[in-house]
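# Notes for the structure review
Each chain, letter by letter, is given below.
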Amino acid sequence: MELDEIIKPENLVYEKPKLMNDNPMHYCPGCSHGVIHKLIAEVIADLGLEEKTIGISPVGCAVFAYNYLDIDWVEAAHGRAPAIASAIKRLNPDKMVFTYQGDGDLAAIGTAETIHAANRGENIVIIFVNNAIYGMTGGQMAPTTLEGMPTATCPYGRNAALNGYPLKISDLLAQLEGTCLVTRQSVQTPAAVRKAKRMLMKAFQNAMAGKGTSIVEFVSTCSSGWKMSPEKANKWMEENMFPFYPLGDLKNKE
Ligand SMILES: Cc1ncc(C[n+]2csc(CCOP(=O)(O)OP(=O)(O)O)c2C)c(N)n1
Ligand code: SF4
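Reference entry: report on the structure contained in this document. This one's a predicted model, so the numbers in the text were calculated from it and none came from an experiment. (Residues numbered from 1 in each chain as written. Chains lettered and ligands numbered in written order. Predicted model: local features only at pLDDT ≥ 70, side-chain atom pairs only at ≥ 80, totals over all residues. Heavy atoms only, no water.)

### Side note on a nonpolar patch on the surface
A cluster of nonpolar side chains, namely M1, L3, I6 and I7, defines an oily patch on the protein surface of about 490 Å² accessible area. With respect to the helices and strands, I6 occurs in helix α1 (residues 3–6). (Patch = residues over 30% accessible without salt bridge, like charges linked within 9 Å, V, L, I, M, F, W, Y side chains within 5 Å. Areas by Shrake-Rupley, 256 points an atom, 1.4 Å probe, with all protein chains shown as cover. Salt bridge = Lys/Arg side-chain N within 4 Å of Asp/Glu carboxyl O. Helix = DSSP H or I, 4+ residues; strand = E, 2+ residues; numbered from the N terminus.)

### Looking at the site of ligand 2
Close to ligand 2 lie Y27, C28, C31, H33, C61, N131, G135, C222, S223 and S224, which account for all nearby residues. Grouping the amino acids of the shell around ligand 2 by side-chain chemistry returns five nonpolar, five polar and no charged. (Near = heavy atom within 4 Å. Nonpolar A, V, L, I, M, F, W, Y, C, P; charged D, E, K, R; others polar.)

### Brief notes about the site of ligand 1
Contacts to ligand 1 come from 16 residues, most closely from C61, D103, G104, D105 and G135. The contact in question runs from an oxygen atom of ligand 1 to an N or O atom on the side chain of H33, over 3.0 Å. Residue N131 places a side-chain N or O atom 3.1 Å away from an oxygen atom belonging to ligand 1. Every element with two or more residues in the shell around ligand 1 is listed here: α4 (103–109) and β5 (133–134). If you tally residues by element for the shell around ligand 1, the top one is α4, at four residues. When the residues that make up the shell around ligand 1 are grouped by side-chain class, the tally is six nonpolar, eight polar and two charged. (Polar contact = N/O pair within 3.5 Å; in protein donor to acceptor, adjacent residues only side chain to side chain.)

### What about the pairing of strand β8 (residues 213–219)?
Of all seven residues making up β8, seven are buried, and the element is well covered by its neighbours. Taking every second residue as pointing to the same face, both faces of β8 are buried, with T213, I215, E217 and V219 on one and S214, V216 and F218 on the other. Judged from the six bridges that link them, strand β4 (residues 125–130) and β8 form a sheet pairing that is parallel. Within β8, the residue paired with F128 across the bridge is E217. Where strand β7 (residues 179–186) lies against β8, seven bridges are found, and the strand directions are parallel. Across the sheet, L181 pairs through a bridge with S214, a residue of β8. Handedness of the crossover joining β7 and β8 through helix α8 (residues 190–208): right-handed. (Buried < 20%, exposed > 50% of the residue type's maximum accessible area, 1.4 Å probe, protein only. Pairing = 2+ DSSP bridges. Right-handed = clockwise from strand over helix to strand, strands pointing away.)

Below is the structure:
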């Protein structure tokens, strides 16, 4: 049978989002970043915001996010994405502005920018990829590293007495008046992907409606930094990350 006969519009059950180009992704096998990129592309297209969306890419493994989604992007210095997003949204209130940040970018060097943008209630979306480690730089401890979890800089496991406790920054952000939606999602199963997409869509709608800051945390895997196979990383995340970072809405103002 010829390919043309199989690939008919009526047989189509899945297609790559149109905003995702054909550049090969640099992410490791089993990494959550690629799936989250796909969701963003789908949500932008579903809401018809292709010409209105400006993404702010971070420093971290997602530094090259701008290579994969054909929307407008600005590259921020490490941790400064929420400050840049605030300025862009204020100058262009009709645009859809989001940041895309890892836990090192958002919850370590960028803590101040994140908290103050959320506290000002900037009409932006903050997409927070929490893989509990600094992936890009070789797997060092992040603020969100779990107690007992080994990393390159705490090879015997995070010790709270020495390194402090893992930071639940989304819980903290949910306390701020400026946030309208703070939700914790994941993309390790098709059901989780569908749920995460619904919440991401709500976040984008909130930003366009001027309701304040929406934060979508994705509890994520870093198979390379964790030194696990993709399959094991997913299982480890379910067993160890989810009990400490439970999925669901922390705040959802109607
Ligand atoms: C000012 C500055 N300080 C430190 C670095 C080194 N650096 C690059 S990425 C990174 C952390 C990335 O971790 P995370 O934000 O969790 O993203 P991931 O790579 O895990 O997706 C650090 C510390 C830098 N590039 N710039
Ligand atoms: S190092 Fe970790 S976060 Fe970076 S691409 Fe690889 S799996 Fe993903």
